Protein chains: 2
Amino acid sequence: MANFTEADLPPNLTCRKNVDTLLRCPICFEFLSIAVMTKCSHNFCSLCIRKCMSYKLQCPVCNSPTTEQDLRNNRILDDLVTNFQTARQQLSKANFDSPPLSPKT
Amino acid sequence: MANFTEADLPPNLTCRKNVDTLLRCPICFEFLSIAVMTKCSHNFCSLCIRKCMSYKLQCPVCNSPTTEQDLRNNRILDDLVTNFQTARQQLSKANFDSPPLSPKT
Ligand SMILES: [Zn+2]
Ligand SMILES: [Zn+2]
Ligand SMILES: [Zn+2]
Ligand SMILES: [Zn+2]
């Protein structure tokens, strides 16, 4: 995965950074993978929260009691992650393509 | 609210159009306002789905049986809508600011 810094982003798109944060799992810090939502409205990768709940039956973000039966797929987040990653790749490609490159030595 | 067409968007950001669609309520077609999710993982404005369920206890998208008790706030979508709207406004402002304008007559 490409490593982005805020400097890579056009100034009018710093919101993009917030969206990046929102779409990450608070357990593994990767983009949500098979997003599930707890009753308390917090989202995690399906695997991350299930592993976590094998130790403690509470939400890792807000400590609300929670069970595996309470978990609900949040499919729109999977679609948003896909779209966001595609947009980011295209933006990165555009940034790479546009500046005049010095010839390879 | 500003009316955007696809032509307003930089070509590398057509994903933005998909995100726009994802973040809209399938009942009122506005951006989700106090997003709630059904058990079947479909999202609506809180008011829109409650009005709808006063007529029929099923999901307007997939017809799954659903009750008001099944509805769960999907707060991350409220945050995503805010961020998306801000990004769009800034993008639109940038598009307005950059081309040389003919003087007002
Ligand atoms: Zn995770
Ligand atoms: Zn929580
Ligand atoms: Zn609505
Ligand atoms: Zn449904």
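Residues numbered from 1 in each chain as written. Chains lettered and ligands numbered in written order. Predicted model: local features only at pLDDT ≥ 70, side-chain atom pairs only at ≥ 80, totals over all residues. Heavy atoms only, no water.

**A short note on the overall build of chain A**
Here is step 1 of the chain: Assigned secondary structure in chain A consists of three helices and three strands.
Here is step 2 of the chain: Counting the 105 residues in chain A, one finds 38% classified as buried.
Here is step 3 of the chain: A separation of at least 24 residues holds for 43% of the contacts in chain A among residues at least 6 apart in sequence.
Here is step 4 of the chain: About 6500 Å² of surface is accessible on chain A, with carbon and sulfur atoms providing 56% of the total. (Helix = DSSP H or I, 4+ residues; strand = E, 2+ residues; numbered from the N terminus. Buried < 20%, exposed > 50% of the residue type's maximum accessible area, 1.4 Å probe, protein only. Contact = heavy atoms within 4.5 Å. Areas by Shrake-Rupley, 256 points an atom, 1.4 Å probe, with all protein chains shown as cover.)

**Some words on unusual backbone geometry**
Residues and elements named next belong to chain B.
Here is step 1 of the chain: Unusually for a residue other than glycine, Phe29 sits at a positive phi of about 65°.
Here is step 2 of the chain: Along the chain, Phe29 falls in the loop between α1 (15-22) and β1 (35-37).
Here is step 3 of the chain: The backbone phi angle of Ile34 is positive, close to 55°, even though this residue is not glycine.
Here is step 4 of the chain: Along the polypeptide, Ile34 turns up in the loop between α1 and β1.

**Let's talk about the packing of aromatic side chains**
Residue and element names in this part refer to chain A.
Here is step 1 of the chain: Taken as a whole, this structure holds two aromatic pairs over all chains when the rule is applied.
Here is step 2 of the chain: With a centroid separation of 5.8 Å and 70° between ring planes, the pair formed by Phe31 and Phe84 is classed as edge-to-face. Taken together, the positions of Phe31 in the loop between α1 (15-22) and β1 (35-37) and Phe84 in helix α3 (residues 75-97) put the pair 53 residues apart, joining distant regions of the chain.
Here is step 3 of the chain: Phe31 sits in the buried class, given a relative accessible area of 6%.
Here is step 4 of the chain: A relative accessible area of 9% means that Phe84 is categorised as buried. (Phe/Tyr/Trp six-rings, centres within 6.5 Å; stacked < 30°, edge-to-face > 60°.)

**Focus: the coordination of the zinc ion (ligand 4)**
Here is step 1 of the chain: Looking at the zinc ion (ligand 4), one finds its protein donor set to be Cys40(B) (SG), His42(B) (ND1), Cys59(B) (SG) and Cys62(B) (SG), positioned 2.1 to 2.3 Å from the metal centre.
Here is step 2 of the chain: Classification of the site at the zinc ion (ligand 4) as tetrahedral follows from its four donor atoms and the range of 102 to 114° in their angles at the metal. (Donors = N, O, S within 2.8 Å, 3.2 Å for Na, K, Ca; no water. Tetrahedral: all angles 85-135°; square planar, octahedral: opposite > 155°, others 65-115°.)

**Quick word on the sheet that holds strand β2 (residues 43-45) of chain A**
Residues and elements named next belong to chain A.
Here is step 1 of the chain: Strands sit in the order β2-β1-β3 across an open sheet of three strands; the sheet is antiparallel. Each of the sheet's edge strands pairs with one partner strand only, and the pair in question is β2 and β3 (72-73).
Here is step 2 of the chain: For β1 and β3, the ladder comprises two bridges, and the chain directions are antiparallel. Residue pairing for β3: Met37 is matched across the bridge by Arg72. (Pairing = 2+ DSSP bridges.)

**Side note on the relation of the copies chain B and chain A**
Two copies of a chain can be linked by a rotation about an axis combined with a shift along that same axis.
Here is step 1 of the chain: Overlaying chain B with chain A gives an RMSD of 0.0 Å, the required rotation being 180° about an axis along which the chain moves by 0.0 Å. Taken together, the turn and the small shift mark the pair as related by a two-fold rotation axis.
Here is step 2 of the chain: Here 100% of the contact residues of chain B are again contact residues in chain A; the copies associate through an equivalent surface. (Least-squares fit on C-alpha atoms with pLDDT ≥ 70 in both.)

**Remarks on the interface of chain B and chain A**
Here is step 1 of the chain: Taken together, the contacts link 30 residues of chain B with 30 residues of chain A.
Here is step 2 of the chain: Taken together, both faces of the contact between chain B and chain A bury some 2500 Å²; the carbon and sulfur share is 58%.
Here is step 3 of the chain: The tally of links from chain B across to chain A stands at zero salt bridges.
Here is step 4 of the chain: The interface formed by chain B and chain A holds 15 residue pairs in polar contact (both at pLDDT 80 or more) in total.
Here is step 5 of the chain: Those elements giving two or more residues to the side of chain B that touches chain A turn out to be α1, β3 (72-73) and α3 (75-97) of chain B.
Here is step 6 of the chain: In terms of residue count, α3(B) provides more of the side of chain B that touches chain A than any other element does, eleven residues in total.
Here is step 7 of the chain: Its residues assigned to classes, the side of chain B that touches chain A comprises 14 nonpolar, ten polar and six charged. (Buried area = accessible area lost by both parts, 1.4 Å probe. Salt bridge = Lys/Arg side-chain N within 4 Å of Asp/Glu carboxyl O. Polar contact = N/O pair within 3.5 Å; in protein donor to acceptor, adjacent residues only side chain to side chain. Nonpolar A, V, L, I, M, F, W, Y, C, P; charged D, E, K, R; others polar.)

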